[in-house]
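# Examination of the molecular architecture
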Amino acid sequence: MREYVLAICAAALLCGLLLSLPQEGLMKELIKLLCASALTLCALSPLTRLQWSSSQLISGDWSRVGQDYAAQGEKEAQQALESIIRQQICSYIMDKATDLGLELEVEVELDGEHLPVAVTLRGAAPPYLRLCLEEALSQELGIAKEKLQWIG
Amino acid sequence: MNMDFTAPVVPEQGAAYMPEDTASFGSALWTLLRKALNVVQPELYQAAQTGLILAAVVLLVSLLKGLDTRGGRCGKMAGAMAIGTVLLRGANAMISLGAQTVEELSQYGKLLFPVMTAALAAQGGLTSSAALYTGTAVFDAVLMSLISRLLVPMVYLFLALAAANSATGEGMLKKLRDTVKGFMVWCLRIVLTVFTTYMSITGVVSGTTDAAALKATKVTISSVVPVVGGILSDASEAVLVGAGVMKNAAGVYGILAVLALFLAPFLRIGVHYLSLKAAASLCAIFDGAGLNELIEDFGTAMGLLLAMTGASCLLLLVSTVCFLKGAV
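Nothing here was measured: the structure is a model prediction, and the numbers come from that model.

This brings us to the overall build of chain B. Assigned secondary structure in chain B consists of eight helices and zero strands. Taken from N to C terminus, the helices and strands of chain B fall in the order α-α-α-α-α-α-α-α. For chain B, the C-alpha radius of gyration of 26 Å lies well beyond 20 Å, the compact-globule estimate for 328 residues. Its C-alpha atoms put chain B at 100 × 35 × 25 Å along the principal axes. Relative to its 328 residues, chain B shows a buried fraction of 54%. In chain B, 84% of the contacts between residues at least 6 apart in sequence involve partners at least 24 apart.

Right, let's get into the nonpolar core. Counting residues in each nonpolar core, the largest one holds 149 residues, and the members touching the most others are I93 of chain A together with M3, I83, L151 and I295 of chain B. Apart from residues lying up to four places away in sequence, M3 of chain B is in contact with E76, A77 and A80 of chain A together with A122, V239, G242, A243 and M246 of chain B.

This part is about the interface of chain A and chain B. Taken residue by residue, the interface counts 51 residues in chain A and 52 residues in chain B. Summing the contributions of chain A and of chain B, the shared interface buries around 4,400 Å²; its carbon and sulfur component is 80%. Applying the counting criterion to the chain A and chain B interface returns zero salt bridges. Scanning the region where chain A abuts chain B turns up one residue pair in polar contact (both at pLDDT 80 or more). Those elements that provide at least two residues to the side of chain A that touches chain B are α1 (2-20), α2 (25-44), α3 (54-57), α4 (62-99) and α5 (127-140) of chain A. Looking at which element gives the most residues to the side of chain A that touches chain B, the answer is α4 of chain A, with 20 residues. Here the side of chain A that touches chain B is composed, by residue class, of 33 nonpolar, 13 polar and five charged.

Because each turn of an α-helix spans 3.6 residues, side chains separated by three or four positions in sequence point in the same direction. All names here are of chain B. Here helix α5 (residues 126-168) contains 43 residues, and its C-alpha end-to-end distance of 60 Å stays within 8% of the 63 Å for a straight helix at 1.5 Å per residue. Residue I147 marks the point of greatest curvature in α5, where the axis turns by about 45°. Burial within α5 is extensive, with 37 of its 43 residues counted as buried.

Another point: the sheet that holds strand β3 (residues 148-151) of chain A. Residue and element names in this part refer to chain A. The strand order across the open sheet formed by three strands is β1-β2-β3, and the pairing between neighbours is mixed. Pairing within the sheet leaves two strands with one partner each, and these edge strands are β1 (105-110) and β3. Going across the sheet, the axis of each strand differs from the next one's by a mean of 15°, ignoring polarity. As paired elements, strand β2 (residues 116-122) and β3 share four bridges and run parallel to each other. Each residue of the ladder has a partner; that of R122, found in β3, is I151.

To continue, consider the packing of α4 of chain A against α5 of chain B. Contact geometry for α4 of chain A and α5 of chain B: axes closest at 8 Å, N-to-C directions at 140°. Between α4 of chain A and α5 of chain B, the angle is such that the two are oblique. For the pair α4 of chain A and α5 of chain B, the crossing hand works out as right-handed. Two secondary-structure elements touch here, α4 of chain A through W62, S63, V65, G66, Q67, Y69, A70, A71 and E74 of chain A and α5 of chain B through L126, S129, A130, Y133, T134, A137, V138 and A141 of chain B. Taken together, the residues of the contact of α4 of chain A with α5 of chain B break down into eleven nonpolar, five polar and one charged.

Moving on, we come to the pattern of salt bridges. Pairs can form between side chains of opposite charge whenever their charged atoms are close. Residue and element names in this part refer to chain B. In the structure shown here, the tally under the stated rule is ten salt bridges over all chains. Where R177 meets D178, a salt bridge forms, and the shortest distance between an N and an O atom there is 3.1 Å. Note that D297 and R177 form a salt bridge whose closest N and O atoms lie 2.6 Å from each other. With D297 in helix α8 (residues 292-325) and R177 in helix α6 (residues 174-222), the pair connects residues that are 120 residues apart, well separated along the chain. Neither residue differs from the other here; D297 and R177 are each classed as buried.

Taking 1.5 Å as the rise per residue, helix α3 (residues 40-65) of chain B with 26 residues should run 38 Å; its terminal C-alpha atoms sit 36 Å apart, in good agreement. Among the residues making up α3 of chain B, those that are buried are V40, E43, A47, G51, L54, A55, V57, V58, V61 and S62 of chain B.

Okay, the environment of L102 of chain A next. All names here are of chain A. Inspection of the secondary structure puts L102 in the loop between α4 and β1. Along the backbone, L102 and V119 are 17 residues apart, and their C-alpha atoms lie at a distance of 16 Å. Non-local contacts of L102, meaning those with residues more than four positions away in its chain, are made with A97, A124, A125, P126, L129 and L133.

The next subject is the pairing of β2 of chain A. All names here are of chain A. Counting buried residues along β2, five of its seven residues qualify, which places the element largely inside the surrounding structure. Where β1 hands over to β2, the hairpin turn is made up of five residues, of which H114 adopts a positive phi near 65°. Crossover β2 to β3 through α5 is right-handed.

So, on to the packing of aromatic side chains. The tally for this structure, following the rule as stated, stands at six aromatic pairs over all chains. Consider the rings of Y69 of chain A and Y133 of chain B, whose centres lie 5.2 Å apart with planes at 70°: the pair is edge-to-face. On the criterion of chain membership, the pair formed by Y69 of chain A in helix α4 and Y133 of chain B in helix α5 is interchain, its members lying in two chains. Under the relative-accessibility criterion, Y133 of chain B is labelled buried at 6%.

Turning to its location among the elements, E76 of chain A is positioned in helix α4. Within the buried core, E76 of chain A has no salt-bridge partner, and the shortest N-O distance to an opposite charge, that of K75 of chain A, equals 8.7 Å. Reaching out from E76 of chain A, the side chain makes a polar contact with the backbone nitrogen of D4 of chain B at a distance of 3.2 Å.

Calculation criteria
- Each chain has its residues counted from 1, following the order in which its sequence is written.
- Naming scheme: in the order in which they are written, chains are lettered from A and ligands are numbered from 1.
- Given that this is a predicted model, residues contribute local features only at a pLDDT of at least 70 and side-chain atom pairs are listed and counted only at 80 or more, while totals for whole chains, interfaces and linings are drawn from all residues.
- No hydrogens and no water enter the side-chain calculation; it runs on all heavy atoms of the structure.
- By the criteria applied, helices consist of DSSP H or I runs no shorter than four residues and strands consist of E runs no shorter than two, each listed in order from the N terminus.
- Atoms counted for the radius of gyration: C-alpha only. Globule rule: 2.2 Å times the number of residues to the power 0.38.
- Throughout, exposure labels follow a simple rule: accessible area from a 1.4 Å probe, protein chains only, divided by the maximum for the residue type, with under 20% read as buried, over 50% as exposed, and the rest as partly exposed.
- By definition, residues are in contact when any of their heavy atoms lie within 4.5 Å.
- To form a nonpolar core, buried Ala, Val, Leu, Ile, Met, Phe, Trp, Tyr and Cys residues must be joined to one another through side-chain atoms within 4.5 Å.
- Accessible area that two parts lose when put together, evaluated with a 1.4 Å probe and summed over both, is termed the buried area.
- Salt bridges are identified by distance alone: a Lys or Arg side-chain nitrogen within 4 Å of an Asp or Glu carboxyl oxygen.
- For this analysis, a polar contact is any N or O atom pair within 3.5 Å, provided that within protein one partner can donate a hydrogen and the other can accept it, and provided that sequence-adjacent residues contribute only side-chain to side-chain pairs.
- Lys, Arg, Asp and Glu make up the charged group, whereas Ala, Val, Leu, Ile, Met, Phe, Trp, Tyr, Cys and Pro make up the nonpolar group; the residues left over, Gly among them, are polar.
- By this rule the span expected of a helix is its residue count minus one, scaled by 1.5 Å.
- Bend at a residue means the angle formed by two fitted axes: the first through the 7 residues ending at that position, the second through the 7 residues beginning there.
- Each pair of strands is called paired provided DSSP finds at least two bridges between the two strands.
- With axes taken as lines fitted to C-alpha atoms, and helix axes fitted only over the stretch in contact, angles between N-to-C directions fall between 0 and 180 degrees.
- Orientation categories follow fixed angle ranges, with anything under 35 degrees roughly parallel, anything over 145 roughly antiparallel, 65 to 115 roughly perpendicular, and all other angles oblique.
- Should the near helix be turned anticlockwise from the far one by less than a right angle, the crossing is termed left-handed; should it be turned clockwise, right-handed.
- By the criterion used throughout, a crossover qualifies as right-handed when its path from the first strand across the helix to the second strand runs clockwise, the strands pointing away from the viewer.
- Stacked, tilted and edge-to-face pairs are distinguished by plane angle, under 30 degrees for stacked and over 60 for edge-to-face with tilted covering the rest, among Phe, Tyr and Trp rings (Trp via its six-membered ring) whose centres lie within 6.5 Å.
- Just so you know, the count uses Lys and Arg for positive and Asp and Glu for negative, and it drops His and the chain ends.

Read these as spatial facts, not as claims about activity.
Have a look at this one:
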């Protein structure tokens, strides 16, 4: 760039000197034309070295990259949603168990739409209270009785 | 909640201007502006010195013009050379500063927009976030390539043409110089116009798609077992609100970070621009050799740099606001 600017300035000085020489008529016009052409060529010379292509200008599959970032965000949101739902359903079941006088540990399994499909209950419970809790969970949470697993 | 959408930390160049508390946008912006204005004073002092030197050169050339038997051409050439020498160093530093600022802004945008895209998608704007990211990334790449590969070299071309035009004193290169300037302004205007149009249309079209998808999800949730439906609905609401809060915080921080990177260089170039314009006006009073046109051209080159850095910043700010506004 420095060389280019210096070249332009040098060419301009040369042209200025040529134009300052005392001439008249056709000669003056000819020198003026030559100087103008030389300066224009000198100024525009870097354009001949430019190599442009659309791939240089816009590289990368931006649309796919954007979809990937959006999918990543959605995945994080889904994980957060799943975690909250799991927590809330566990709390709900434990509240129900506490109402029946039971102390249980609860694990909930969710399906792809974050609906509870299976529950594992850990802790001791008399058969009658088990039946009561199973009935409540199946009616209120829509979990099939055979998907309720008791451990302990 | 195990979501994390945090804006990238502001780079070193802008860290000095970044306010510590970004919770309140208004006061943070004010703090940032106050910090950035500190750079103006030393620049003003330097600009005043340059202005005085220019005035002295122009005055000297005007006085010598009367002694020149060749109609003042030699004096004008010497004057153009002197002014070129005085201004080229400062102009070169400003051009480098402008190009570096554009590069830094682009690099920060490359870190910020994935976060904004993910946050908007988490908030339910899956289609609009991907579309906004695509538009932003493409236009940022185009503008960045355009500025670094074409417009910055063209600023030098503009200055060279202006110096040559002033030295020859025949006005031969005036039209070419004006064409170069016009082309640069046209390029920036076209890119920004197409970009804002794209962002406006994308926001409306994809926003409608996302709103429809979200409504369909809500209908599905309300149709499941009442207790589970209530839990799902509450949890979805919590996630959407959480993602929205994180997206807003990241967006506000991002805007402030972009301004922290942009404001100080913009003000520095702006001071040079105004001082050159003022010097040109001052020199025009006693300039008998037409040298104030060259000073004016250097000022115009600074104006073009302001336009470039301003365009890059505007692109990032508009994009960030589109992501913030993109809630469905």
